[in-house]
Amino acid sequence: MALFEVETNAHIVITWAEDENEAKGQVFDSYPGDEIIRISKRPRTSWVISKAALGLTTEPLDPCLVARDCLSKAEGDKVHAIRLYMHETGNDLNQARRAIESNMVMGW
């Protein structure tokens with residue numbers, strides 16, 4: 001059996017099935033009014049949903065981790081990383097600049 005991700009107009013269904021047709025059948029059985037938009041076979045045998053990506057964490061994110069992630073996404077471009085950091089955290093320019101620069105000094 002393989003793990004399939006089936007996206008409909010109203011749901012994203014993760015299901016085990018022998019093949020794509022069986023996965024579609026399971027979705028039609030559960031949600032007969034839904035229209036399938038996309039179906040894909042997952043490359044691994046498990047499914048992970050990041051609670052942080054959904055904004056469901058109860059703890060604030062570590063500013064250093066966010067700054068390093070922004071530096072990575074910006075490929076070391078300090079100005080772009082600062083913009084990303086401001087967008088990710090909602091911090092102002094000075095706070096974002098300090099976070100990015102301090103993480104650059106720490107050997108990003």
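Look up a bit, the structure's there.
Residues numbered from 1 in each chain as written. Predicted model: local features only at pLDDT ≥ 70, side-chain atom pairs only at ≥ 80, totals over all residues. Heavy atoms only, no water.

## Notes on the side chain of Thr8
Of note, Thr8 is situated in strand E1 (residues 2-8). Judged by its relative accessible area of 4%, Thr8 falls in the buried class. At a separation of 3.1 Å, a polar atom in the side chain of Thr8 contacts the main-chain amide nitrogen of Ala10. (Helix = DSSP H or I, 4+ residues; strand = E, 2+ residues; numbered from the N terminus. Buried < 20%, exposed > 50% of the residue type's maximum accessible area, 1.4 Å probe, protein only. Polar contact = N/O pair within 3.5 Å; in protein donor to acceptor, adjacent residues only side chain to side chain.)

## Topic: a nonpolar patch on the surface
On the surface, a cluster of nonpolar side chains totalling about 370 Å² of accessible area is made up of Ile12, Ile14, Trp47 and Ile49. Tracing the sequence through the fold places Trp47 in the loop between strand E3 (36-41) and helix H2 (63-73). (Patch = residues over 30% accessible without salt bridge, like charges linked within 9 Å, V, L, I, M, F, W, Y side chains within 5 Å. Areas by Shrake-Rupley, 256 points an atom, 1.4 Å probe, with all protein chains shown as cover. Salt bridge = Lys/Arg side-chain N within 4 Å of Asp/Glu carboxyl O.)

## Quick word on the pattern of salt bridges
Going through the model one piece at a time under the given rule, you end up with 8 salt bridges. In this structure, Glu5 and Arg42 form a salt bridge, with 2.9 Å as the shortest nitrogen-oxygen distance. Placement of the pair is Glu5 in strand E1 and Arg42 in the loop between E3 and H2, with a sequence separation of 37 residues. Overall, the relative accessible area of 29% leaves Arg42 in the partly exposed class. Taken together, the shared-partner salt bridges connect Glu5, Glu7, Arg38 and Arg42 into one network.

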